[in-house]
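Listed below are the residues making up each chain.
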Amino acid sequence: MEPDSLRVTAIRRKTIAASTGEDARLNAFALMAVLGLGLCLRLVDIDRPFYGYHMWNEAYYATIARNFDHFGLFHSYNYDWRGGSDLGQRYGPSPFVPWLIHFSSHLLGNSEAAARLPILILGLFSLLAIYFIARELYDAEIALIASFLAAIMPGVVFMSRQVALDSPMVAFGLASVWTLLRARRTPGGGWMWVAASSLCLGIAVFIKYTGVLFVPLLGWIWLRSIGRGGASREPSTWLLPGAYFLAASLPAVAWLARGWLASSGSGEAGNSLATYLVRANEWALRSWMRAIYATWVRTGQQVGQFLWYPFVLAVVLASTGRRSLAFIKQNVEALLLVLPWLALLIYPVSWYQNDSYSYPALYGLAVLMALVIRRAAHLLQELLRPSHRKTVVAASLSITVALGASLADYVQYYGSWYRDFSSSWGLQLPANLITQQEPFASARMVRSLNTSHAPILADSPATLYYAQDEYWKGTATWYWWTMPGELALLLKAIESLKYVYVVFTYQPPSVVVRVLGDTGYHHVGLGVWRRASEQPAKSESPASNAD
């Protein structure tokens, strides 16, 4: 080759390298901007009290975290989530999320914001994970769009900072997917990446058992990796995937075994995996139709209505006839990140309320929506040629309209979760049942009055959380009197005279107020009643629940 040709080739290589470096810097800047936007949206109202009927699980896990100081980090003491139970050890979900809350509270102080902060951090990590997953499957452009959509979806914003099991579970589940994809393209198999993926999957399932729904996607990745090697028929080829999934199952299996052994078959909720597989009702066409409708509506609320319906229309148009098979083949991984979770939402045990079951699917939907948006952008660019300025303006306007239109979805979605009662539970109760303007003023009053740790009866886990600071020093329980059958149990508890204080965050019905008066309770103020005599009933005496 001539010297001039060599010089030209060297210049071209330098130009390409400079261009690649510039693109990498722009992508990094854009990703940081996406993370900054996601952080700002998730910080809104982060110090809000554990307020609202659907927020009971925040108080539930915060209670366990507070009790670690007395019972130890491996003993999850709380009141039964079904109501009507005194303080006791729970063997259901692992203590991973309470551990996060416990350490965060010790570092930053005992507050709602401190409880939510580690969940929020893992939610931001999920944005990074879906970016890297989409980049492995497609390219950096799709990855940026997908992470941007996940950053602004109302359901993702809310669930990724709520004190619950889902945000940490999804963060580690997505990390397991990304690291396994990374191992697939690493020379020699990338043993460290495989080990990291197995560890992340194990933590995800340990946090919440529904993390096993990442297994179909991970299994597909393994199948594709083995198929590429051309040795799928060799028995030894399957040893590594087998060891991978076996190792990932060990933390959850160990925790379940510990609960089963410690409870000695007492039948307490959460002692075995079987408690997570019980249907809430019988199979019926009406239940299925209602479940499918609820899945459609709730997923639209979580994604954002102005993004959801155009996306569904575009998918239908793009997957008609023979193109449907091509669409599936090209996007198997993204589909496997969506479909298992939506199927779980339709399952009758959970469809009626629990949006958290579809939360992981939103990240897969973000990837699929990114593909649709890029295709639409390319079509728009063709229409607007040769002016690139018009393309930029049109894209900017589209993003602005999407964000602005999503505000209505934020209001609707957040309102449905922060509302104190919802018609979706079949309660048909108004949302203005609060007995005080300041959240949990009744509970805080009991906390200041009850210096002797006398027994307390409350109307929700959150009420009890704010009414006590040291749970193990007194007897307490709660009943959701709004739920079927709970009102009769609440009245029975009042008539037993076991509890010195009866506290309501929500206005109790007239029959409860009448029974309180008939049994000798006096109204102290707000939603607080106190027994005429603070001495325990003769047949009952408050006792410590500690071991």
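Residues numbered from 1 in each chain as written. Predicted model: local features only at pLDDT ≥ 70, side-chain atom pairs only at ≥ 80, totals over all residues. Heavy atoms only, no water.

In this structure, what is going on with the overall build of the chain? I would like to understand it.
A tally of helices and strands in the chain yields 21 helices and seven strands. Burial statistics for the chain: of 547 residues in total, 50% are counted as buried. In the chain, of all internal contacts separated by at least 6 residues, the share reaching a separation of at least 24 is 72%. Taken as a whole, the chain presents about 25800 Å² of accessible surface, with 65% of it coming from carbon and sulfur. (Helix = DSSP H or I, 4+ residues; strand = E, 2+ residues; numbered from the N terminus. Buried < 20%, exposed > 50% of the residue type's maximum accessible area, 1.4 Å probe, protein only. Contact = heavy atoms within 4.5 Å. Areas by Shrake-Rupley, 256 points an atom, 1.4 Å probe, with all protein chains shown as cover.)

What am I meant to see in the sheet that holds strand S6 (residues 521-525) here?
Paired through backbone hydrogen bonds, the strands of a sheet run either parallel or antiparallel to each other. Strand order in this open sheet of five strands is S4-S3-S5-S7-S6, and the pairing throughout is mixed. The sheet terminates laterally at strand S4 (476-478) and S6, the two strands that pair on one side only. Averaged over neighbouring strand pairs, the angle between their axes works out to 20 degrees when direction is ignored. Sheet analysis places strand S3 (residues 456-458) next to strand S5 (residues 501-503), joined by three bridges and oriented parallel. What sits directly across from Leu 457, in S5, is Val 502. (Pairing = 2+ DSSP bridges. Axes fitted to C-alpha atoms, helices over the stretch in contact; angles between N-to-C directions.)

Explanation requested: the packing of aromatic side chains in the structure shown.
For any two aromatic rings, the description comes down to two numbers: the centre-to-centre distance and the angle of the planes. Summed over the entire model, instances satisfying the criterion amount to 18 aromatic pairs. With centroids separated by 4.4 Å and ring planes inclined at 20 degrees, the aromatic side chains of Phe 440 and Tyr 466 adopt a geometry described as stacked. Taken as a pair, Phe 440 in the loop between helix H17 (388-418) and helix H18 (441-449) and Tyr 466 in helix H19 (residues 461-467) lie far apart in primary sequence, 26 residues in all. Residues Phe 440 and Tyr 466 agree in their burial class; the two are buried. Here the aromatic residues Phe 50, Phe 440, Tyr 465 and Tyr 466 are joined through ring pairs into a cluster of three or more. (Phe/Tyr/Trp six-rings, centres within 6.5 Å; stacked < 30°, edge-to-face > 60°.)

Explain the packing of helix H3 (residues 96-108) against helix H4 (residues 112-137) to me, please; I cannot follow it from the model alone.
The packing of two helices is summarised by the inter-axis angle and the distance between the axes. At a closest axis distance of 7 Å, the pairing of H3 and H4 adopts a crossing angle of 120 degrees. As far as their axial angle goes, H4 and H3 are oblique. Here H3 and H4 pass one another in a crossing that is right-handed. Along the contact surface, H3 presents Val 97, Leu 100, Ile 101, Ser 104, Ser 105 and Leu 108, while H4 presents Ala 114, Ala 115, Leu 117, Pro 118, Ile 119 and Leu 122. Looking at the contact of H3 with H4 residue by residue, the classes come out as 10 nonpolar, two polar and no charged. (Parallel < 35°, antiparallel > 145°, perpendicular 65-115°, else oblique. Left-handed = near helix turned anticlockwise from the far one by under 90°. Nonpolar A, V, L, I, M, F, W, Y, C, P; charged D, E, K, R; others polar.)

When you look at the nonpolar core in this model, what are you seeing that I'm missing?
Inside soluble globular proteins, nonpolar side chains tend to come together where they are buried. Ranked by size, the top nonpolar core spans 114 residues in total, and within it Leu 174, Phe 214 and Tyr 363 carry the most contacts. Core analysis: the second largest hydrophobic core is formed by 14 residues, Tyr 479, Val 502, Phe 504 and Tyr 521 among them. (Core = buried A, V, L, I, M, F, W, Y, C linked by side-chain atoms within 4.5 Å.)

Sorry, what's going on with the confidence of the model for the chain here?
Parts of the model with low pLDDT should not have their predicted coordinates read in detail. In this model, the chain carries an average pLDDT of 76, and 68% of its residues clear a pLDDT of 70 or more. Within the chain, the lowest mean pLDDT, 61, falls on H17, and the highest, 95, falls on H4. Below a pLDDT of 50 lies the segment residues 275-281, which in the model reaches 13 contacts outside its immediate sequence neighbourhood of four places, other chains included. Ignoring residues within four places in sequence, the model shows residues 420-433, a span with pLDDT below 50, making 32 contacts including any to other chains. (pLDDT = per-residue confidence, 0-100.)

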